[in-house]
Amino acid sequence: MRRHALAGARLVIAGLWRRICGRPWNLGPPAGECQLPGLQRDVWIRRDEAGVPHVFAEGLADLGFGVGVAMAQDRRWQMETLRRLAYGRLAEVAGDRPMNGGGLHLVGPSLLAVDELYRSLRIQTVCREEFALVSEDGRLVLEGFARGVNAWVDRCRPADLAPEFLLAGVDPEPWRPEDCLAIGRLIGWLLSLAFVAKPVLARLAADPVLARLCPPQMAAGQCILGDCPPADAAGLDLLARHALGLLGPGAGSNSWVLDGLRTASGKPLLCNDPHLLFGLPAMWYPVALTTPAHRVIGVTMAGIPAVLIGRNDRVAWGMTAVMADDGDFYRETLDASGGRYRRDGEWRVLETAEETFRVRDRRDPVHRTLRYVRHEGVLCPLLPMRGGEPPTSFRWVGLDVWHGWDGLLGMNRAGSVAEFESALEAFVVPAQNLVVADVEGAIGYFCAGKFPRRPRAETLPPVLDGSRPEHAWGGYLSWAEHPRMVNPRDGYVVTANNRVAGTLPPGLARGFWEPPYRATRIASLLGAVRGATVADMAEIQADVRSVQAAGLVARLIRPLRGGLADPRAQQAADLLLAWDCRMETDSAAAALYHLFYRELLQQCVRPVVEPRAPGLFARYLSMLHLAVPAVDTAFLTGDPIVFPGGTPAAVEACLAAAWDAASGRWGSEPSAWRWGDLHRLTFYHMFGRGTPRVARLLAWLLRLNRGPIPRPGDGMTVNLGAFPLTASFEVAVGPSYRQILDLGAPEASRWVVAGGVSGDFRSRHYADQVPLWLAGATRPMRFVPRDAWGGHCLKLLSATRTADVCAGPPRVLS
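This structure is a prediction, so every number in the text was calculated from the model and none was measured.

Caption draft 1: The packing of helix α6 (residues 136–155) against helix α11 (residues 404–413), seen in detail. α11 packs onto α6 with a crossing angle of 90° between their chain directions and a minimal axis gap of 9 Å. One element, α6, and the other, α11, form an angle in the roughly perpendicular class. Facing D137, G138, V141 and L142 of α6, the residues of α11 in contact are W405, D406, L409 and R413.

What follows is the structure in structure tokens.
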């Protein structure tokens with residue numbers, strides 16, 4: 001559109017002028033008064049020094065409205081992007097560009113194929129049906145939010161929109177209440193591993209040799225609940241505990257809660273640092289919501305008008321992903337015509353949907369026929385077939401219609417651990433480990449979500465047969481069957497995406513759990529804590545000692561040091577044996593260790609996998625840590641599958657190769673080697689990612705990205721800095737948000753996001769929390785009074801009032 005072109009040109013010219021003059025963008029939050037249609041009473045949006053919106057309203061509808069206005073100011077483009085992904089409409093904006101193999105959940109040769117996959121999930125239809133089931137309170141919030149978003153956008157001139165709309169040449173479409181539910185469903189899909197992991201596991205399981213590299217179920221490792229049985233000879237957890245002297249039972253792992261007997265205040269402390277992909281704008285959106293009936297503060301995501309992680313005046317909570325097996329592939333039996341499928345001994349007609357896909361720079365739309373089968377009444381997509389592949393459908397928990405929104409509101413308003421548990425019964429996706437505490441001193445853990453019953457889960461293959469009744473889910477686990485624990489005798493609970501318990505109901509018996517290294521480390525630190533303070537918890541969140549490295553160095557290198565003949569291997573071994581296993585940015589040993597581990601994967605694992613299944617090594621090892629438990633177990637036990645010529649020869653060759661790699665990069669003197677030179681983090685904006693000249697020019701001109709920045713830690717440390725094991729060491733995933741909540745002094749709680757509040761790169765709050773986050777520091781997490789002096793305050797007037805500022809959206813720009 002011409003108006004976008006003109007406004008976009010002015011934006012680029014302004015960016016160039018600021019670059020030449022050395023003046024960074026400094027857009028401030030809107031302030032003043034304005035009248036917007038749709039309000040019943042006045043609403044205040046007061047911003048603290050970091051731009052966090054504190055929304056004050058008399059009722060739920062107006063509260064939703066205020067959140068909608070604030071989020072439209074800060075994250076409207078992010079909301080648009082997430083909604084378009086959920087509904088399969090990205091190609092309308094970006095065109096049918098090739099995906100170059102795609103990411104984990106962006107499966108397809110091009111963006112149009114990605115749209116087709118996401119459209120087949122029917123997220124929009126399912127969430128529209130869900131909205132019809134929402135309670136009256138829930139409906140008030142969602143409808144008010146949509147009115148607030150649209151009222152603010154309708155008031156905007158092109159230059160007042162998020163600048164990405166100008167660069168993309170599109171207008172924001174009206175927001176609908178069900179779109180909020182769709183964002184939640186999309187996040188659940190993106191955090192589900194079943195769709196991306198099971199094809200890989202099926203290929204491993206089909207080969208008797210590769211089957212030994214399938215992820216173990218880790219029932220003997222560090223679990224969240226209960227005292228776990230000791231590890232057998234193949235258990236990596238116990239070996240690592242021996243290496244660090246961490247013996248004895250623990251409770252699990254990267255959220256945790258301590259009861260008052262272990263804290264200085266005599267009340268619980270609760271910590272959480274969820275791990276997500278880094279980027280700008282930040283994934284988390286800090287907010288505080290206040291009505292006369294209740295108030296809550298914490299973080300949510302763009303498009304969701306409720307707190308996902310945080311606290312109210314009486315309850316605090318945090319969460320980590322359960323890593324649940326919440327989806328299944330089914331081979332379908334079709335008749336000769338391809339129009340019917342076999343189910344329960346009968347032929348049933350495939351259901352179809354005619355979908356239209358609009359693609360940027362194409363005049364004519366693309367038409368596709370999407371096909372569906374039913375599993376226990378639930379409509380599930382029949383995936384596009386490639387040459388020679390049998391027809392396959394996919395069933396996911398999120399394809400059902402649920403009441404999850406009311407559960408989230410109940411969590412926000414809970415007054416005790418018991419009330420919080422009641423709200424969790426409605427929690428759906430993504431399945432979460434919830435730790436919770438209240439001001440009375442109770443603490444608890446709850447495994448929340450919906451889990452397929454799968455009566456024969458432990459014997460089922462990775463890909464099921466849709467025609468066999470015994471492969472049906474048989475419904476879902478009841479809430480009474482979900483693992484939980486209230487006021488544990490050890491006085492703390494730790495979760496870090498590790499296995500929930502040694503013994504689990506069938507529906508939870510399979511999962512894609514993380515290695516127990518982080519859980520082991522956190523449990524060992526907490527087990528010795530008495531009189532814990534907020535500062536103590538911050539120290540644990542910043543911990544970078546690697547249990548994995550300690551175990552591998554102790555088991556693979558120490559016993560072999562005397563027999564090493566290669567001088568390079570000897571020097572490498574000496575450096576690693578003298579190391580404290582801390583992944584500090586200036587550590588030469590940390591850099592050498594990761595080069596050594598990379599050589600172990602390339603020299604010992606790749607030759608096993610690639611000849612039997614070409615391409616599988618990169619696919620398996622690219623899914624962050626799915627392969628790590630099996631691979632490390634093979635390393636630690638000297639399994640002949642990875643060491644066919646014996647452990648000593650393989651370890652010596654890998655040590656020598658790692659030494660050569662380090663010397664080739666930094667020179668022969670280890671004092672010049674730095675882990676931070678390899679392990680760097682860049683906060684990318686979606687328009688500033690990649691190598692095309694336009695992306696690089698925009699990133700420089702508009703200051704879209706931050707970094708690269710040397711980072712401590714790795715994928716196995718508490719202070720996580722994870723990277724795909726087959727790519728470079730560039731950080732991809734880590735603590736996107738940190739909170740430390742003190743129930744003894746709630747206003748002394750702390751928080752920080754890896755980014756900033758605003759998604760507008762012109763804003764002073766776009767990435768202003770990055771320096772604080774990099775330093776491992778946090779901000780005060782406290783409620784701001786409505787009538788506090790100073791700061792930015794935007795007062796939204798109801799229809800019966802007259803605004804002092806009405807000409808356009810208030811802006812503050814310096």
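So that's the structure; there's more coming.
Caption draft 2: Structural detail: the side chain of S546. Along the chain, the position of S546 falls in the loop between α14 (534–541) and α15 (547–557). Given a relative accessible area of 0%, S546 falls into the buried group. Within the structure, S546 has its side chain in polar contact with the backbone nitrogen of A549 (distance 2.9 Å). The residues contacting S546, other than those within four sequence positions of it, are C581, M583, D714, M716 and T717.

Caption draft 3: Examining unusual backbone geometry more closely. Between L280 and the following residue, P281, the backbone shows a cis peptide bond with an omega angle of 0°. Within the secondary structure, P281 sits in the loop between β7 (275–277) and β8 (284–290). That bond from V429 to P430 is cis: its omega, -5°, falls within 30 degrees of zero. Note that P430 resides in the loop between α12 (417–424) and β19 (432–438). Here the phi dihedral of D344 falls at roughly 55°; this positive angle occurs in a residue that is not glycine. Residue class for D344 comes out partly exposed when judged on its relative accessible area of 47%. With a phi close to 65°, C581 is a non-glycine residue in the positive phi region. Tracing the backbone shows C581 in the loop between α16 (567–577) and α17 (588–609). Residue class for C581 comes out buried when judged on its relative accessible area of 7%.

Caption draft 4: Main features of α16. Among the residues making up α16, those that are buried are A569, A572, A573 and L576. The buried residues of α16 all sit within an arc of 100° when viewed along its axis, so they share a single face. Lining the buried residues of α16 we find α15, α17 and α20 (647–666).

Caption draft 5: Region of interest: the confidence of the model for the chain. Scored by pLDDT, the chain comes out at a mean of 90, with 92% of its residues at no less than 70. The low-confidence segment residues 227–253, where pLDDT is below 50, has 74 contacts with residues more than four positions distant or belonging to other chains. Note that pLDDT drops below 50 for residues 803–814; the model gives that stretch 40 contacts with residues more than four away or on any other chain.

Caption draft 6: Spatial organisation of the sheet that holds strand β15 (residues 351–357). Pairing within the open sheet is antiparallel, and its three strands lie in the order β15-β16-β17. The sheet is open, and its two edges are formed by β15 and β17 (378–381), each paired on a single side. For this sheet, the mean angle separating the axes of adjacent strands, direction not counted, is 40°. Bridge count between β15 and strand β16 (residues 366–375): seven bridges; the pairing is antiparallel. The residue of β16 that forms the bridge with T356 is H367. Sitting on the sheet, helix α4 (residues 111–120) touches β15, β16 and β17, and the angle it makes with β16 is about 35°.

Caption draft 7: Representation of the nonpolar core within the structure. Within the largest apolar cluster, 238 residues are counted, with the highest numbers of intra-cluster contacts made by W317, W405, M411, F635, L655 and L796. Take this core: its biggest share by element is 15 residues, from α17. Look past the residues within four positions of W405 in its chain and what remains in contact with it is V134, G138, V141, L142, L181, I304, P305 and A306. If you look at the next biggest cluster of nonpolar residues, it comprises 16 residues, including L269, V529, I540 and I740.

Caption draft 8: Geometry of the environment of P712. Structurally, the position occupied by P712 is in the loop between β25 (706–710) and β26 (733–735). Using a relative accessible area of 15% as the deciding quantity, one classes P712 as buried. Taking C-alpha positions, P712 is 11 Å from A775, a pair spaced 63 residues apart along the chain. Discounting residues that sit within four places of it in the chain, P712 has contacts with V544, M583, E584, T585, W675, H679 and N719.

Caption draft 9: Layout of the pattern of salt bridges. In total, this model carries 50 salt bridges according to the counting rule given. The partner of R295 in a salt bridge is D313, with the nearest N and O atoms 3.0 Å apart. With a gap of 18 residues between them, R295 in strand β9 (residues 295–301) and D313 in the loop between β10 (309–312) and β11 (315–321) connect regions that are remote in the sequence. Close ionic contact of D660 with R568 constitutes a salt bridge, the shortest N to O distance being 2.4 Å. You can see D660 sitting in helix α20 and its partner R568 sitting in helix α16, a full 92 residues away along the chain. Accessibility expressed as a relative area gives 37% for D660, which makes it partly exposed. In this structure, a network of salt bridges that share partners links the residues R76, E80, R83, R84, R89, E92, E173, R176, E178 and D179.

About the thresholds
- Residues numbered from 1 in each chain as written.
- Predicted model: local features only at pLDDT ≥ 70, side-chain atom pairs only at ≥ 80, totals over all residues.
- Heavy atoms only, no water.
- Axes fitted to C-alpha atoms, helices over the stretch in contact; angles between N-to-C directions.
- Helix = DSSP H or I, 4+ residues; strand = E, 2+ residues; numbered from the N terminus.
- Parallel < 35°, antiparallel > 145°, perpendicular 65-115°, else oblique.
- Contact = heavy atoms within 4.5 Å.
- Buried < 20%, exposed > 50% of the residue type's maximum accessible area, 1.4 Å probe, protein only.
- Polar contact = N/O pair within 3.5 Å; in protein donor to acceptor, adjacent residues only side chain to side chain.
- Arc of directions from axis to C-beta.
- pLDDT = per-residue confidence, 0-100.
- Pairing = 2+ DSSP bridges.
- Core = buried A, V, L, I, M, F, W, Y, C linked by side-chain atoms within 4.5 Å.
- Salt bridge = Lys/Arg side-chain N within 4 Å of Asp/Glu carboxyl O.

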